[in-house]
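# Observations on the three-dimensional arrangement
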Amino acid sequence: MTLRNAACALAALLFATPCLAHGAFPGVNDFQAGMLHPLLVTAHLLLLIACGLLLGQQHRGPAQAMLGGLLAGLLVGLPLSVLAASWSKALSIACLVAALGTSLLVTSARPTRRLTLIGLLAGLLVGIDSAPARDPWQAVATSLAGTGLGALLMVCVIGGALLGRHRHWQRIGVRIVGAWIAAACLLVASVELRRLGII
Amino acid sequence: MSLPAQRRPGLALLVLLASGAALAHQQSGLANGFATGFLHPILGLDHLLAMVAVGLWGAFLGQPAISLLPVTFPLVMAVGGVVGILGPPLPGVEIGIAASAVALGAMVVLAVRPPLWVAALLVGAFALCHGHAHGTELPEATGALTYSLGFVIATGTLHLAGIALGLLVHWPVGAVAVRAGGALIAAAGIGFLIRAL
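Cut-offs and rules
Residues numbered from 1 in each chain as written. Chains lettered and ligands numbered in written order. Predicted model: local features only at pLDDT ≥ 70, side-chain atom pairs only at ≥ 80, totals over all residues. Helix = DSSP H or I, 4+ residues; strand = E, 2+ residues; numbered from the N terminus. Buried ≥ 20, exposed ≤ 12 C-beta atoms within 10 Å, placed from the backbone. Contact = placed C-beta atoms within 7 Å. pLDDT = per-residue confidence, 0-100.

## Side note on the overall build of chain B
Within chain B, the regular secondary structure consists of 8 helices and 0 strands. Walking chain B from its N terminus toward its C terminus, one meets helices and strands in the order α-α-α-α-α-α-α-α. Taking all 197 residues of chain B together, the buried fraction comes to 47%. Restricting to contacts in chain B with at least 6 residues of sequence separation, those with at least 24 account for 88%.

In structure tokens:
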């Protein structure tokens, strides 16, 4: 009887599937999982795409200032993420609101100071909301480093692809994508605020 | 080594429990929400025809309407969606959706070219109705963000498809075909309107 119980317990253990916060891919190491994090969290993805679109509409100097702000925000925000894991819901909504605001600004060039501030805010939000579900501090640090690099690369690639491409139809394309992001963020931020009973 | 007969059902049950679901096109989480949202305007014929009609009419109106509509429509639709999420019912929303196909189809078939603000007002009013209908379904959706992203992108893509078809107006035969398309949309809209009433 005891042997049968042990066999049942073993069978139940074998059937258990891993519990994954963001559906990490098997075989992916901590750094790669961190790099993929901004791609898998839709609110981060939208915020970073909006930042990339905005970056692509600027001249070289303001664009570099915005990237500097983003880097500074990530450097401050990523270490803070370890302390802010319980604020995930509020941070997600903040990311959506930031993505909404940023995507509405993609229509033209903006002052350098404002761009730096937007970059800083985006980096902070993405960084603080990227707490990895890992235990050893080495794994956490590696994953956060990957997240920082992934976020920075995403903005650089999208912005770089658009820099200097200011033809009429290209600007319309950017505005359309910006409007789609803004519309989706507005809807979901409303749903989340409604669920929390704030509105 | 043979298994006693009384233990065979237990073993069979264990094997059955161990098997996973067979999925030809596995979708979960983000993909599921996005796919459901993306298909929502495409599978709803009333939404689909109205969105294509917006694009067709935009092509008829030319610049700047042709580039303004795909930008403003999703934003106004989102405002309608927020109203739907917050709860206040929009009276006659289904009638508004049906009427959008009739009115926009009629604008295309008659090649009406009003001032931009009149066109924007008309399209904006219909965008509110469509957005409200989407918004009331959003809180129950799995993965609200990817769902809304899916239906916003699908809506925009339908506009772009309508604009692409509408560009045929530059050829005489194309103009006839586009206006015939508008007539079909208006006729379908009358059907939706009768059903809604």
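## Examining the confidence of the model for chain B
All names here are of chain B. Residue-level pLDDT values for chain B average 82, and 82% of them are 70 or greater. Taken together, the stretch residues 21-28 has pLDDT below 50 and engages in 2 contacts with residues farther than four places along the chain or on a different chain. Two summary scores accompany this predicted model of the complex, namely pTM at 0.77 and ipTM at 0.73.

## Examining unusual backbone geometry
Residues and elements named next belong to chain B. Each neighbour pair has its own omega, and for Q63 with P64 the value is 0 degrees, a cis peptide bond. Mapped onto the secondary structure, P64 falls in the loop between α3 (45-61) and α4 (65-86). Positioned with a positive phi, A111 is a non-glycine residue whose angle comes to about 50 degrees. Its location among the elements puts A111 in the loop between α5 (93-109) and α6 (116-137).

## A few points about the environment of S190 of chain A
Looking at the element boundaries, S190 of chain A is found in helix α8 (residues 168-195). Residue classification places S190 of chain A among the buried residues on the basis of 27 C-beta atoms within 10 Å. Linking S190 of chain A and L124 of chain A, residues 66 residues apart in sequence, is a C-alpha distance of 22 Å. With residues up to four places along the chain from it excluded, the contact list for S190 of chain A reads I199 of chain A together with V82, I85 and L86 of chain B.

## Looking at the confidence of the model for chain A
Residues and elements named next belong to chain A. The share of residues in chain A with pLDDT of 70 or more is 86%, and the mean pLDDT across the chain is 83. For chain A, per-element mean pLDDT is lowest for helix α1 (residues 2-15), which scores 56, and highest for helix α4 (residues 60-80), which scores 93. The model gives residues 16-20 a pLDDT under 50, and that stretch makes 0 contacts with residues more than four places away or in other chains.

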